[in-house]
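Observations on the three-dimensional arrangement
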Amino acid sequence: MNSTLITRCNRGHLTLALFLVVSLLLTACSRLTEDNLQKIHNGMTPAEVKAILGQPTSSDTSSALGIISGTTYTYHSGSSDVKITFLNDKVIATEGEFK
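Notes on the structure in this doc start here. As the structure is a computational prediction, the values presented were derived from the model and not from experiment. (Residues numbered from 1 in each chain as written. Predicted model: local features only at pLDDT ≥ 70, side-chain atom pairs only at ≥ 80, totals over all residues. Heavy atoms only, no water.)

1. Concerning helix H3 (residues 46-53)
Those residues of H3 that sit buried are Pro46, Val49, Ile52 and Leu53. Angular distribution of buried residues about the axis of H3 spans 125°; they occupy a single face of the element. Opposite the buried face of H3, by more than 90 degrees, sit the exposed residues Ala47 and Ala51. Downstream of H3 by one or two residues, Gly54 has phi in the positive range, about 85°. (Buried < 20%, exposed > 50% of the residue type's maximum accessible area, 1.4 Å probe, protein only. Helix = DSSP H or I, 4+ residues; strand = E, 2+ residues; numbered from the N terminus. Arc of directions from axis to C-beta.)

2. Regarding the pairing of strand S4 (residues 90-97)
Where strand S3 (residues 80-87) lies against S4, 7 bridges are found, and the strand directions are antiparallel. Bridge pairing in S4 links Thr85 to Ala93. In this structure, the hairpin formed by S3 and S4 is closed by a connection of 2 residues, where Asn88 is found at a positive phi of approximately 50°. (Pairing = 2+ DSSP bridges.)

3. Details of the pairing of S3
Residues of S3 alternate between two faces, with Ser80, Val82, Ile84 and Phe86 buried on one and Asp81, Lys83, Thr85 and Leu87 left unburied on the opposite face. The pairing of strand S2 (residues 68-77) with S3 spans 8 bridges and is classified as antiparallel. Bridge pairing in S3 links Tyr73 to Ile84.

4. Let's talk about the side chain of Asn36
As for its position among the elements, Asn36 is in helix H2 (residues 34-38). Only 2.7 Å separates the side chain of Asn36 from the backbone oxygen of Arg31, close enough to count as a polar contact. If near-sequence neighbours (up to four positions away) are discounted, Asn36 is found in contact with Arg31, Ile52 and Leu53. (Polar contact = N/O pair within 3.5 Å; in protein donor to acceptor, adjacent residues only side chain to side chain. Contact = heavy atoms within 4.5 Å.)

See the structure below:
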């Protein structure tokens, strides 16, 4: 076999392996931390919360009389659980447990 072809093959495998390692490391880095939770404060919008904590694991929205709308974002990562409660798209409460 041509040595240039073998070198290209080895580089391709090395690039793929490096990509996989970086992908795994980025996935393992959660934005759900106590420090980030402390950045969340009353009056923030859902977009501002997502910018800090990322997409919630789940969310639940309900409304009363079409006037008041409440949403709860739930974040779960490992043994950490956080709930962010919004009223009319503004944070009104945060609670979290980190183990």
